[in-house]
Every structure is written in structure tokens, then in C-alpha cells.
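Residue-level structure breakdown
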Amino acid sequence: MTDDHERRRGARVRMTGKERREQLLTIARKLFADRGFEATSIEEIATRASVSKPVVYEHFGGKEGLYAVVVDREMRHLLDSITNALTGGHPRILLEQAALALLTYIEDETDGFRILVRDSPVATSAGTFSSLISDIASQAEYILAGEFKSRGYESKLAGLYSQALVGMVALTGQWWLEARKPNKEDVAAHLVNLAWNGLSNLEAKPRIRGPKDS
């Protein structure tokens, strides 16, 4: 009877290759978020999944490969979330939507965002939070370029401003990850207040003002 029970138990936990891969990714994602890359071991991931270490290596080749897949998924998820949120026609509405989409991701996918803002151990420019910010800024640059042109500003500076705006939202998001106050709608409103009211009063040719200009 005991042997029969064990056979039934083994049958219940048997997974397809795809199911096992997803299980390992879910477990690793949580550990990487809580402890970081260095403090997470293949042995613990395998133990939590009730498999041997070779199973993890079979699916991902090692901890670096597993981490790279986790990071890539989070990057695509966040980028898609922000891109899909940009449905408004007015630049201010687009800015509101982008800020709120990032804060919503942080709220709903806290573990994923914790992973993204850590330094990546993978020695490539891809898979880092900075490269993700650059991807988002590239989309913002297109929007700003048209707005600058319509106002008679140098459209070639749209890239600089897009990096500044997206960086402001991203850094605030990192702060809000721990603070969580005020609520995300208020944070987004204040971000847009600072960004939009600043943009609406841009000088066409700004310059640094020294003490003699005081």
C-alpha cells in the first residue's frame, strides 16, 4: 500500500519539460528578487523544485543562463506594459500613461522590478535596467521630436530630454519601490506636474547662469 501511494504521489508531481522549466523560472525569480544573483544557488533552486541540480543545468546551462532568462522576461514584460499603455494623443496624457504603467508594474510585479534594478552579473549591455530605460526613452524621443518641431525648438535635442524624463520616472519608481507612499496615482500626477509644467515653459536656447547673472 505504501509503494502504491508513492507511485501515485510521483505521478502527480511528474511534469513536462515545459512545465518544469516554468517551475524553475518561478522559483528562481523569487530567490533572485529576495537575495540577488550571488546569494542564490543552483542547489537551493533545485531543492525547492524537488529535482536534482543536473535538471536545472539541463534546462538553462547554469545559474547565469537561468538569470538571463528571468531578466529578459521581466524586461519584455515591463517594456510591453509601458508600450501598450501609450494610447493617448496628447503628449501630457502619454507621459501620464507611461508613469502610471511603470508604477503599476512595480506594484504588481515587485519581485520582477527588484531583479531589474539590481546590477546584472551577465557581461553584456543587454539585460540591464539601463538598456531598458534606453529602449523606453527611444520611444519617448519620437514623441518629443514632433512636439519640439511644432514649437520651434531644436528637435535634435529630443533625445536628451527623453532620457531626462524617462530617467526621472525610473528613479522615482526605484524610490517608490520601498516607500509606497503616496499612492501610485498621486506619484504619477506629481511626476507629470514637474515634467509637464517644466516642458511647457522651456526656453528655446537655455544657458547656465553664473553668479554674475543673479
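Just so you know, the residues in each chain are numbered from 1, in the order the chain's sequence is written. Totals for whole chains, interfaces and linings use all residues, but because this is a predicted model, local features are given only for residues with pLDDT of at least 70 and pairs of side-chain atoms are given and counted only at 80 or more. Based on all heavy atoms of the structure, the side-chain values leave hydrogens and waters out of the count.

Side note on the pattern of salt bridges
Our working rule: In the sections that follow, a salt bridge refers to a side-chain nitrogen of Lys or Arg positioned within 4 Å of a carboxyl oxygen of Asp or Glu. Per the convention used, a helix needs a DSSP run of H or I reaching at least four residues, while a strand needs a run of E reaching at least two, with both numbered from the N terminus. Working definition: with a 1.4 Å probe on protein chains only, accessible area under 20% of the residue-type maximum means buried, over 50% means exposed, and in between means partly exposed.
Here the structure, examined in full by the defined rule, presents twelve salt bridges. Taking the shortest distance from any N to any O, the salt bridge between glutamate 109 and arginine 29 comes out at 2.9 Å. Of the two residues, glutamate 109 is situated in the loop between α6 (91-108) and α7 (110-116) and arginine 29 in helix α2 (residues 17-35); the sequence distance between them amounts to 80 residues. The salt bridge involving arginine 35 is made with glutamate 44; its shortest N-O contact spans 2.3 Å. In this structure arginine 35 comes out as partly exposed when scored by relative accessible area, which is 39%.

A look at the packing of α6 against helix α10 (residues 184-199)
Relative orientation and spacing of two packed helices are given, respectively, by the angle between their axes and the distance between those axes. Defined as follows: Axes here refer to lines fitted to C-alpha atoms; in helices the fit is confined to the stretch in contact. Angles between the N-to-C directions go from 0 to 180 degrees. In a left-handed crossing the near helix is turned counterclockwise from the far helix by less than a right angle, and in a right-handed crossing that turn is clockwise. Here, residues are in contact when the closest pair of their heavy atoms is within 4.5 Å. Each residue gets one of three labels, nonpolar for Ala, Val, Leu, Ile, Met, Phe, Trp, Tyr, Cys and Pro, charged for Asp, Glu, Lys and Arg, and polar for the others, Gly among them.
Two elements in contact, α6 and α10, have axes whose closest approach is 9 Å; the angle formed by their N-to-C orientations is 145°. Remark: the crossing between α6 and α10 carries right-handed chirality. Facing Pro91, Arg92, Leu95, Glu96, Ala99, Leu100, Leu103, Thr104 and Glu107 of α6, the residues of α10 in contact are Lys184, Glu185, Val187, Ala188, Leu191, Val192, Ala195 and Trp196. Tallied by class, residues from the contact of α6 with α10 come to eleven nonpolar, one polar and five charged.

Focus: helix α9 (residues 158-179)
The line we're drawing: Expected helix span is taken as 1.5 Å per residue step, with the number of steps being one fewer than the number of residues.
Look at α9: 31 Å from first C-alpha to last across 22 residues, which is about the 32 Å you get at 1.5 Å a residue. Along α9, the residues classified as buried are Ala158, Gly159, Ser162, Leu165, Val166, Met168, Val169, Ala170, Thr172, Gly173, Trp176 and Leu177. Structurally, α9 contributes buried residues whose contacts are with α6, α7, α8 (129-151) and α10. Arginine 180 occupies a position one or two residues after α9 and carries a positive phi of about 60°.

Some words on the nonpolar core
Under the convention used in this document: In plain words, nonpolar cores are sets of buried Ala, Val, Leu, Ile, Met, Phe, Trp, Tyr and Cys residues tied together by side-chain atoms within 4.5 Å.
Judged by nonpolar contacts, the single largest core of 56 residues is most densely connected at Phe32, Val56, Leu66, Leu78, Leu116, Phe129 and Leu132. Here phenylalanine 32 is in contact with Phe37, Thr40, Lys63, Leu66, Tyr67, Val70, Ile115 and Arg118, once residues within four sequence places are set aside.

Quick notes on unusual backbone geometry
Here the bond from lysine 181 into proline 182 is cis, since omega is -5°, no more than 30 degrees from zero. Looking at the secondary structure, you find proline 182 in the loop between α9 and α10. Residue serine 50 is not a glycine yet carries a positive backbone phi of 60°. Structurally, serine 50 can be placed in the loop between α3 (42-49) and α4 (53-60). The backbone phi angle of arginine 180 is positive, close to 60°, even though this residue is not glycine. Tracing the backbone through its elements, the reader meets arginine 180 in the loop between α9 and α10. For arginine 180, a relative accessible area of 29% gives the class partly exposed.

Some remarks on the side chain of lysine 184
Quick note on the threshold: We define a polar contact as two N or O atoms separated by no more than 3.5 Å, with the added condition that, inside protein, one atom must be a possible hydrogen donor and the other a possible acceptor, whereas residues neighbouring each other in sequence contribute only through side-chain atom pairs.
Tracing the chain through its elements places lysine 184 in helix α10. Among the polar contacts listed, one links the side chain of lysine 184 to the side chain of glutamate 107, at a separation of 2.8 Å. Non-local contacts of lysine 184, meaning those with residues more than four positions away in its chain, are made with Leu100, Leu103, Thr104, Glu107 and Trp176.

Topic: the UniProt feature "DNA-binding region" (unreviewed entry) in the protein chain
For clarity, the threshold we go by: UniProt positions are given in the numbering used here, feature names are shortened, and annotations may be inferred rather than shown by experiment.
This chain's UniProt record puts "DNA-binding region" (unreviewed entry) on residues 41-60. Counting secondary structure, residues 41-60 comes out at 80% helix and 0% strand; the distance between its end C-alpha atoms is 14 Å.

Side note on the packing of α2 against α4
Put simply, the rule is: By definition in this entry, angles of less than 35 degrees are roughly parallel, angles greater than 145 are roughly antiparallel, angles of 65 to 115 are roughly perpendicular, and the rest are oblique.
Following both chains from N to C, one finds α2 and α4 inclined at 100°, their axes separated by 11 Å at the closest point. Put simply, α2 runs roughly perpendicular to α4. Each of Gly17, Arg20, Arg21, Leu24 and Leu25 in α2 lies in contact with α4, whose residues at this interface are Val55, Val56, His59 and Phe60. Tallied by class, residues from the contact of α2 with α4 come to five nonpolar, two polar and two charged.

Observations concerning the environment of valine 56
If you trace the backbone, valine 56 turns up in helix α4. Every residue in contact with valine 56, bar those within four places of it in the chain, is listed here: Leu24, Ile42, Ala46, Val51, Gly61 and Leu66.

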